[in-house]
Amino acid sequence: MVGQRVGMMAAMVVGVAMVVGGVAVMGGCDQPRVTGELPAFAELRDRYNARTAQVEQLWARTVVEIRWEDERGRRHFEQGDGPLILRMPSELALAVGKLGNTMYWVGGDAERFWFFDLNPPNGEPSSATVGRHEDIARTGTEELPVPVRPDQLLHLLGVKDMPEPADGQVPQVTREGGMDVVRIAADAEGEAWWRYELDPANNHLPTRIVLLDAEGQEVVASALSRYQPLEREGVPPGGWPYVPTRIEITTPLTERTRMTLFMADPTDGKARDRVREAQFDFERLVEMLNPDEVREVQP
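Now for a look at the structure at hand. Source: prediction; values computed, not measured. (Residues numbered from 1 in each chain as written. Predicted model: local features only at pLDDT ≥ 70, side-chain atom pairs only at ≥ 80, totals over all residues. Heavy atoms only, no water.)

Focus: the pairing of strand S11 (residues 218–229)
Argument step 1. With 5 bridges connecting them, strand S10 (residues 205–213) and S11 associate as antiparallel partners. Residue pairing in the sheet places Arg208 in a bridge with Ala223 of S11.
Argument step 2. Connecting S10 to the antiparallel partner S11 that follows it, the hairpin turn spans 4 residues, and Gly216 within it adopts a positive phi of roughly 85°.
Argument step 3. Across 8 bridges, the pairing between S11 and strand S12 (residues 242–250) is antiparallel. Bridging across to S12, Ala221 finds its partner in Thr250. (Pairing = 2+ DSSP bridges. Helix = DSSP H or I, 4+ residues; strand = E, 2+ residues; numbered from the N terminus.)

Following this line, the structure appears as structure tokens:
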């Protein structure tokens, strides 16, 4: 049973970022011509970061499908719906429930991440798990439900700027399977790497973002598709960025977790005041969701 809950947490925590993720694209930009020449890294990075700058906050209706395998090899499937809420540069929230009842709430801010399990099996207590990014960065990911730091999840969704190259590194651009591919260090030690697969026929929108380990193995991967404009209050439609409305997160090393998130009606949430402080405040969330237990991830 513990394995089942860890599998669910893995999918949900990945999903948060995922959702958060919708990657933005500058609306109204001319499509670049696809030629035999590869663009320079600096050009791709500037284009990528111009997109992420267009997403200040996001609110969308979502349907979440989670498939996972427990430690006994049994396969499970769960589906729910709820809002995805994002406020850049670091705050996110994803509520998943059924029939108006919240079952899970995943979120985080610049310092901490959290996961509420409000629908435990077999009479187990409902719970909230909370931890600090700095503790996980120092002690590793053994206590996390997925082998990736929470602050790295935002990269998988394309909402964070492509990182600056490490000192002395000159990232190379290759073309593989019709995509322009960039590989860049995710940390100063070279223990993790990002791989961005960008579509040269569609404004270099990311189609896949992967976190690699030091040996180049894929740890967590996100596939982004079905882009739609993100409605922004006070901005004409020609200036709306695009976000993916289908996001699939997988853990290739174990192949045990797959989460697919479908977004509908993405907006910046300003018209109806849908993005609020309380949605990113752990203590306020504890008061509102009232879990039986609060657990801290200890360094």
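Points about the pattern of salt bridges
Argument step 1. Applying the stated rule across the entire model yields 17 salt bridges.
Argument step 2. The partner of Arg232 in a salt bridge is Glu56, and the shortest N-O contact between them spans 3.5 Å. With Arg232 in the loop between S11 and S12 and Glu56 in the loop between helix H2 (41–52) and strand S1 (57–69), the pair connects residues that are 176 residues apart, well separated along the chain.
Argument step 3. The buried category is assigned to Arg232, whose relative accessible area is 15%.
Argument step 4. Using a relative accessible area of 42% as the deciding quantity, one classes Glu56 as partly exposed.
Argument step 5. Glu56 serves as the salt-bridge partner of Lys270, at 3.5 Å between the closest nitrogen and oxygen. One end of the pair, Lys270, is in the loop between strand S13 (257–267) and helix H5 (282–289); the other, Glu56, is in the loop between H2 and S1, with 214 residues separating them in the sequence.
Argument step 6. The class of Lys270 is partly exposed, set by a relative accessible area of 42%.
Argument step 7. Overlapping salt bridges, with partners in common, bring together Glu176, Arg195, Glu197, Arg208 and Glu218 in one network. (Salt bridge = Lys/Arg side-chain N within 4 Å of Asp/Glu carboxyl O. Buried < 20%, exposed > 50% of the residue type's maximum accessible area, 1.4 Å probe, protein only.)

A few points about the side chain of Thr250
Argument step 1. You can see Thr250 is positioned in strand S12.
Argument step 2. Apart from the residues within four sequence positions on either side, Thr250 is in contact with Val219, Val220, Ala221, Thr257 and Arg258. (Contact = heavy atoms within 4.5 Å.)

Points about the side chain of Asp109
Argument step 1. For Asp109, the location among the structural elements is in the loop between strand S4 (101–108) and strand S5 (112–117).
Argument step 2. Within the buried set, Asp109 has no salt-bridge partner at all; the shortest N-O distance to an opposite charge, 4.6 Å, is to Arg112.
Argument step 3. Polar side-chain contacts of Asp109 include one of 2.9 Å to the backbone nitrogen of Glu111.
Argument step 4. A distance of 2.7 Å separates a polar atom in the side chain of Asp109 from the backbone nitrogen of Arg112. (Lys, Arg positive; Asp, Glu negative; His and termini not counted. Polar contact = N/O pair within 3.5 Å; in protein donor to acceptor, adjacent residues only side chain to side chain.)

Points about H2
Argument step 1. Here H2 contains 12 residues, and its C-alpha end-to-end distance of 17 Å stays within 8% of the 16 Å for a straight helix at 1.5 Å per residue.
Argument step 2. Every buried residue of H2 is accounted for by Phe41, Leu44, Arg45, Tyr48, Asn49, Arg51 and Thr52. Angular distribution of buried residues about the axis of H2 spans 150°; they occupy a single face of the element. (Expected span 1.5 Å × (residues − 1). Arc of directions from axis to C-beta.)

Observations regarding H5
Argument step 1. The N-cap of H5, judged by a side-chain oxygen 3.1 Å from the amide nitrogen of Glu283 a few residues on, is Asp281.
Argument step 2. Phi turns positive, to about 55°, at Asn290, one or two residues after H5.

Overview of the packing of aromatic side chains
Argument step 1. Scanning the entire structure with this criterion turns up 4 aromatic pairs.
Argument step 2. Aromatic pair Tyr48 and Tyr196: ring centres 5.3 Å apart, planes at 75°, arrangement edge-to-face. Of the two residues, Tyr48 is situated in helix H2 and Tyr196 in strand S9 (residues 192–199); the sequence distance between them amounts to 148 residues.
Argument step 3. Note on Tyr48: relative accessible area 1%, which makes it buried.
Argument step 4. Judged by relative accessible area, which is 0%, Tyr196 ranks as buried. (Phe/Tyr/Trp six-rings, centres within 6.5 Å; stacked < 30°, edge-to-face > 60°.)

By themselves, these figures tell us nothing about what the structure is for.
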